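So you can see what is in the structure, the chains are spelled out below.
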Amino acid sequence: MTGYDRNKERLLKQIQALAFAQNEWVLFLDTHPHERRALREYHRVTAQLKELEEYYNANFGPLTPADIRSETDWTWAHSPWPWEM
């Protein structure tokens, strides 16, 4: 995926929308586990979500505490948290 939205707030909204869609596919697949098209869509959405989350983390900081990679600084407490915007 190219052409990331460089606006932090819009990018976060895209991530939230993809996370919602991913969860909806999970719920659907829980009751329709053999639907190949649904499984393909789940994997497509999951790949997009992962890519956007990695871009966000690299450019704006961690989305969750699990995204912290620093061995020397607890970066979770820096600047506003994603929900403080």
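Refer to the preceding data block for the structure.
Read on for a plain summary of the structure.

Reading guide: rules and limits
- Residues numbered from 1 in each chain as written.
- Predicted model: local features only at pLDDT ≥ 70, side-chain atom pairs only at ≥ 80, totals over all residues.
- Heavy atoms only, no water.
- Salt bridge = Lys/Arg side-chain N within 4 Å of Asp/Glu carboxyl O.
- Helix = DSSP H or I, 4+ residues; strand = E, 2+ residues; numbered from the N terminus.
- Buried < 20%, exposed > 50% of the residue type's maximum accessible area, 1.4 Å probe, protein only.
- Phe/Tyr/Trp six-rings, centres within 6.5 Å; stacked < 30°, edge-to-face > 60°.
- Polar contact = N/O pair within 3.5 Å; in protein donor to acceptor, adjacent residues only side chain to side chain.
- 1 Å grid on protein atoms, 1.4 Å probe; cavity = no way out; pocket = protein on both sides within 12 Å on 5 of 7 lines; lining within 4 Å.
- Points joined across faces, edges and corners; volume = space filled by probe spheres on them.
- Nonpolar A, V, L, I, M, F, W, Y, C, P; charged D, E, K, R; others polar.

So, about the pattern of salt bridges. Per the stated rule, a full pass over the model turns up one salt bridge. Close ionic contact of E41 with R44 constitutes a salt bridge, the shortest N to O distance being 2.8 Å. With E41 and R44 both in helix 2 (residues 36–60), this residue pair falls three residues apart, about one helical turn. Relative accessible area serves as the criterion here: at 41%, R44 is assigned to the partly exposed category.

So, on to the packing of aromatic side chains. Enumeration over the complete set of coordinates arrives at two aromatic pairs. Measuring from centroid to centroid gives 6.1 Å for W25 and F28, while their planes differ by 90 degrees, and the two rings are edge-to-face. You can see W25 and its partner F28 sitting in helix 1 (residues 8–31), three residues apart, about one turn around the helix. Among the residues examined, W25 registers a relative accessible area of 23% and is labelled partly exposed.

Moving on, we get to the environment of T46. Relative to the elements of secondary structure, T46 occurs in helix 2. Side chain to side chain, T46 and Q22 meet in a polar contact 3.0 Å long.

The next thing to look at is the layout of surface pockets. Counted as a void, the largest pocket has a volume near 150 Å³. Lining the largest pocket are K50, E53, E54, N57, L63, T64, D67 and R69. Considered class by class, the residues forming the lining of the largest pocket number one nonpolar, two polar and five charged.

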